[in-house]
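Here is how the chains run, residue by residue.
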Amino acid sequence: MTDMSDCCADHGQAEVENRATKERWVYSDTVKDHFFHPRNLMAEEPKEGEFDAEGTVGSPACGDVMRVWLKVDRATDRIADFRWKTFGCGSAIAASSMFALMVTENGGMALAEAVKLRPQDVIARLGGLPNRKIHCSVLIDKAFRKAANAYCRATGQTDRVQVEEGRIVDSRLQITDHDIEEAVLEGATTLEDVQRKLKVGVGDPAAIPEIERLITEYSKKYYG
Amino acid sequence: MRAYLDHAATTRLDPCVLAAMVPYLDEEFGNPSSIYSLGRRSKDAIEDARAKVATVFGSRPDEIVFTGSGTESDNLAILGVARQYRALGKHVVVSPIEHHAVLSPAKHLAKKEGFDITTLPVDVFGRVSPKDVAAALTSETVLVSVMYANNEVGTVEPIREIAKTIRDFKKANGRGENEPPFFHTDACQAAGYLDLDVKKLGVDLLTVNGSKVYGPKGIGALFVRRGVKFEPIMFGGGQEKGLRPGTENVAGIVGFAEAFQIADGGRDAESARLSALRDRLISGILERVPKVELNGHPSERLPNNVNLSILDIEGEAILLYLDEAGISAATGSACDSSSLDPSHVIVALGKPYEYAHASIRFTLGRETTERDVDLVLERLPEVAELLRSISPIEVKDGRGGETAGAFVAGRPHWEKPKDSRQEGNPSTPPDASVRK
């Protein structure tokens, strides 16, 4: 006998989204503006050497892919150009556009400053995003960091490369704190939610207190 | 100009239905359980409504229970029958494309009440095969639930053949008509388009609701064939013979019966009218937009359902642009769900997750005209082109023959493959080429 496939919607979320009635969140005017009039889109394929670095994050299977191109003025270390292409929802496109605007406005942000930007800064400029869309702003941030790291490596500034290593939390199933972070961004609020999102059972029961602590930590970090 | 193309979500109240309901929201406010004439009139109204619904089903009035929604009817059927017959067996069979209103109570039975649930396979169109039902039945099976027509992709299931399969199983195992396994079907989307004669269908239980048939929200009905018992899921007074206590929603019941009768009466004409519009919409989109795939069965399909995956772009983004153009539709994308899960129906068809994220559903209805179809055919191609210019991906055109598990462009980052520990986060997925 096959197992009942795990396919039921979350309960207990403060924001009720009814798939049947399509009752949905309200996007701010800024989000709508950036969605319908995206800034800094990569219109055509860039010419060879036109940009210094690029980065791609996400996967089509997840419903979000962002590809970004970065050009830095070596003399001033300011971002000369930042362009993007995104496969994703309204929030994903708006977040990509807003991030691009933030790092290129006023003559371009210094790279050292740009790497200090957090997803929350993008969300603030957008006038807020619904909780379950916060991960879109995290994704553009990750795409940028990938490109920034690629730029630093390519220009021999390896000391500036920011490495994000996942710390393994559940050794039996190789679940890292990044996995938990992703799950929380995808709407998990309890241990059960995380297990459902990661589609795993309990590998190492001793890991549960740490997993729960991380859930609390990431929930606070992203949802306040 | 607004084109409302989300009738599978809900429908506008028919003016005749509203007129029928108004007295029961106004001067006819009596409680049907009261002995005086004001109450008696409300009681009569409910029983007249029940008789109307029974006429559509070809059933007896006493085989109908009114509930508060299609979801409640499904819950009552699944939980009620399973619990009633659990001494005879604790196995339930469902299709993977059922509405959550069927899957969730089934999951609850598995998790909390020790039941075994078998999920049937479906083909790439979402069709259940009677042979697979036969293979799934055991001496422990008490209930099989397969929906008459699917709300997302419109596929119509072979209900009569499945019913016959279950009958044959019972005969072969010396089971009487009133012994398990019983057969339930959720017909909420089929109502108004397909024949609901319960004897012809051969079902033991059947769910319908008001909001899909131009009736009021907040009303459902459950047909339960005489001889089939079930435990109630609510407890209180004696309304609905104790099977669904609570002061009746008289106006809702009256409205539902009126709407139901009107919808069933017009079903042949409406099905013909909408099929033509549907087919023009489908072929029109396939002609004008490249890399589009139809989801659901091409012919065994609800007359009003169009569900397509427009590859390389995402559903919510498409809906936002369509909304600006005055078109209301739906998507199976994860980004547009509360749980951030992609449509379980499209995934159950064996299609890669990208197909769910790229899916758009148009469901036509009474107010849909050629102009609405024209509007979509005018706007959708430019929306698709625009979003494709923004998108960095090119999903490989999968052919429909792939079965579940064929994730063309990589698994989602949150899914750990059961056997391999090595697979990390695919940021550049194997088969979806990022445009160079």
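What counts and what doesn't
- Residues numbered from 1 in each chain as written.
- Chains lettered and ligands numbered in written order.
- Predicted model: local features only at pLDDT ≥ 70, side-chain atom pairs only at ≥ 80, totals over all residues.
- Helix = DSSP H or I, 4+ residues; strand = E, 2+ residues; numbered from the N terminus.
- Buried ≥ 20, exposed ≤ 12 C-beta atoms within 10 Å, placed from the backbone.
- Contact = placed C-beta atoms within 7 Å.
- Pairing = 2+ DSSP bridges.
- Axes fitted to C-alpha atoms, helices over the stretch in contact; angles between N-to-C directions.
- pLDDT = per-residue confidence, 0-100.
- Expected span 1.5 Å × (residues − 1).
- Bend = angle between axes of the 7 residues up to and from the residue.
- Domains from an automatic or database assignment.
- Nonpolar A, V, L, I, M, F, W, Y, C, P; charged D, E, K, R; others polar.
- Parallel < 35°, antiparallel > 145°, perpendicular 65-115°, else oblique.
- Left-handed = near helix turned anticlockwise from the far one by under 90°.
- Core = buried A, V, L, I, M, F, W, Y, C linked by C-beta atoms within 7 Å.

Our next topic: the overall build of chain B. Within chain B one finds 13 helices and 15 strands. The C-alpha extent of chain B, read off along each of the three principal axes, is 80 × 55 × 35 Å. Split into buried and exposed, the 436 residues of chain B put 54% on the buried side. Long-range pairs, those at least 24 residues apart, make up 72% of the contacts in chain B with a sequence separation of at least 6.

Here we take up the overall build of chain A. Within chain A one finds 8 helices and 5 strands. Put simply, chain A runs from its N terminus to its C terminus through helices and strands in the order α-β-β-β-α-α-α-α-β-β-α-α-α. Every one of the 224 residues in chain A was classed for burial, and the buried ones make up 41%. The long-range share in chain A, meaning contacts at least 24 apart out of those at least 6 apart in sequence, stands at 60%.

The next thing to look at is the sheet that holds strand S2 (residues 64-73) of chain A. All names here are of chain A. Pairing is antiparallel in the open sheet, where 3 strands are placed in the order S1-S2-S3. Every interior strand has two partners, whereas the edge strands, strand S1 (53-59) and strand S3 (78-87), have only one. Between one strand and the next, the sheet's axes are offset by a mean angle of 15°, whatever the strand orientation. Strand direction decides the pairing type here: S1 and S2, joined by 7 bridges, are antiparallel. Bridge pairing links serine 59 to aspartate 64 in S2.

Along helix H6 (residues 177-185) of chain A, the positions that sit buried rather than exposed are Asp179(A), Ile180(A), Glu182(A), Ala183(A), Val184(A) and Leu185(A). Backbone geometry just downstream of H6(A) places Gly187(A) in the positive-phi region, at approximately 105°.

Glancing now at the confidence of the model for chain B. Residue and element names in this part refer to chain B. On average, residues of chain B score 91 in pLDDT, and 90% of them are at 70 or above. Overall, residues 399-436 carries pLDDT values under 50, and its contacts beyond four positions in sequence, including any with other chains, amount to 75 contacts. In the predicted assembly, ipTM is 0.81 and pTM is 0.86.

So, about helix H13 (residues 370-390) of chain B. Residues spaced three or four apart along an α-helix point in a common direction, a consequence of the helix completing one turn every 3.6 residues. Residue and element names in this part refer to chain B. With 21 residues, H13 should reach 30 Å at 1.5 Å per residue; the first-to-last C-alpha distance of 31 Å fits that figure. Roughly 25° is the biggest bend found in H13, and it falls at arginine 379, with proline proline 381 one to four residues downstream. Among the residues of H13, Asp372, Val373, Val376, Leu380, Val383, Ala384, Leu387 and Ile390 are the ones counted as buried.

This paragraph deals with the sheet that holds strand S10 (residues 305-310) of chain B. Residues and elements named next belong to chain B. Pairing is antiparallel across the open sheet formed by 4 strands, whose spatial order is S9-S10-S13-S12. Lying at the two open borders of the sheet, with one neighbouring strand each, are strand S9 (292-294) and strand S12 (330-331). Summarising the sheet, S9 and S10 pair through 3 bridges and their orientation is antiparallel. Of the residues in S10, the one forming a bridge with valine 292 is isoleucine 310. Each of S9, S10 and strand S13 (359-363) is contacted by helix H9 (residues 267-288), which is oriented at about 10° to S10, the strand it contacts most.

Residues and elements named next belong to chain A. Mapped onto the elements of the fold, cysteine 136 is located in helix H5 (residues 134-154). What makes cysteine 136 buried here is the crowd of 30 C-beta atoms within 10 Å. A sequence separation of 33 residues divides cysteine 136 from valine 169, and the C-alpha atoms of the two residues are 25 Å apart. Cysteine 136 has contacts with Asp64, Gly88, Ser91, Ala92 and Ala95, leaving out every residue within four places of it along the chain.

A separate point is the domain arrangement of chain A. Residues and elements named next belong to chain A. Taken domain by domain, chain A comprises domain 1 (29-160) and domain 2 (168-223). The straight-line distance from the C-alpha centre of domain 1 to that of domain 2 is 27 Å. Each partner contributes residues to the interface: domain 1 has 5 residues there, and domain 2 has 5 residues. Of the residues contributing to the side of domain 1 that touches domain 2, the split by class is 2 nonpolar, 2 polar and 1 charged.

Next up on the list: unusual backbone geometry. With the exception of glycine, most residues fall at negative phi, and the peptide bonds are largely trans. Of note, the amide linkage connecting Pro180(B) to Pro181(B) takes the cis form, showing an omega dihedral of 5°. The phi dihedral of Asp77(A) falls on the positive side, at around 60°, and the residue is not glycine. Relative to the helices and strands, Asp77(A) is located in the loop between S2 and S3. Of the residues examined, Asp77(A) has 16 C-beta atoms within 10 Å and is grouped as partly exposed.

This part takes up the pairing of strand S2 (residues 64-67) of chain B. All names here are of chain B. Burial of S2 is two-sided: the residues Ile64 and Phe66 facing one way and the residues Val65 and Thr67 facing the other way are all buried. For S2 and strand S8 (residues 220-224), the ladder comprises 4 bridges, and the chain directions are antiparallel. Across the sheet, phenylalanine 66 pairs through a bridge with alanine 221, a residue of S8.

All names here are of chain B. According to the domain assignment, chain B contains domain 1 (14-265) and domain 2 (267-386). The C-alpha centroid of domain 2 is placed 28 Å from the C-alpha centroid of domain 1. Counting from both sides, the interface comprises 20 residues of domain 1 and, opposite them, 21 residues of domain 2. When its residues are assigned to classes, the side of domain 1 that touches domain 2 shows 11 nonpolar, 6 polar and 3 charged.

What follows concerns the packing of H9(B) against H13(B). Residue and element names in this part refer to chain B. Interhelical geometry of H9 versus H13 gives an angle of 15° and a closest axis separation of 10 Å. Of the possible angle classes, the one that applies to H9 and H13 is roughly parallel. Relative to H13, the crossing made by H9 is right-handed. Counting all contacts with H9, which are made through Leu277, Arg280, Leu281, Gly284, Ile285 and Arg288, the residues of H13 involved are Glu370, Val373, Val376, Leu377, Leu380 and Pro381. When its residues are assigned to classes, the contact of H9 with H13 shows 8 nonpolar, 1 polar and 3 charged.

Before going further, it helps to spend a moment on the nonpolar core. Counting residues in each nonpolar core, the largest one holds 184 residues, and the members touching the most others are Val81(B), Ala82(B), Val92(B), Leu205(B), Val254(B), Phe260(B) and Ile318(B). Here this core takes 11 residues from H5(A), the largest share from any one element. Excluding residues within four positions of it along the chain, Ile318(B) makes contact with Ile310(B), Ile313(B), Thr331(B), Ile360(B), Val383(B) and Leu387(B).

All names here are of chain A. In contact at an axis separation of 10 Å, helix H2 (residues 90-104) and helix H4 (residues 119-126) are set at 100° when each is read in the N-to-C sense. By the criterion of interaxial angle, the relationship of H2 to H4 is roughly perpendicular. Between H2, through Ala94, Ala95, Met98, Phe99 and Met102, and H4, the contact on the second element is made entirely by Val122, Arg125 and Leu126.

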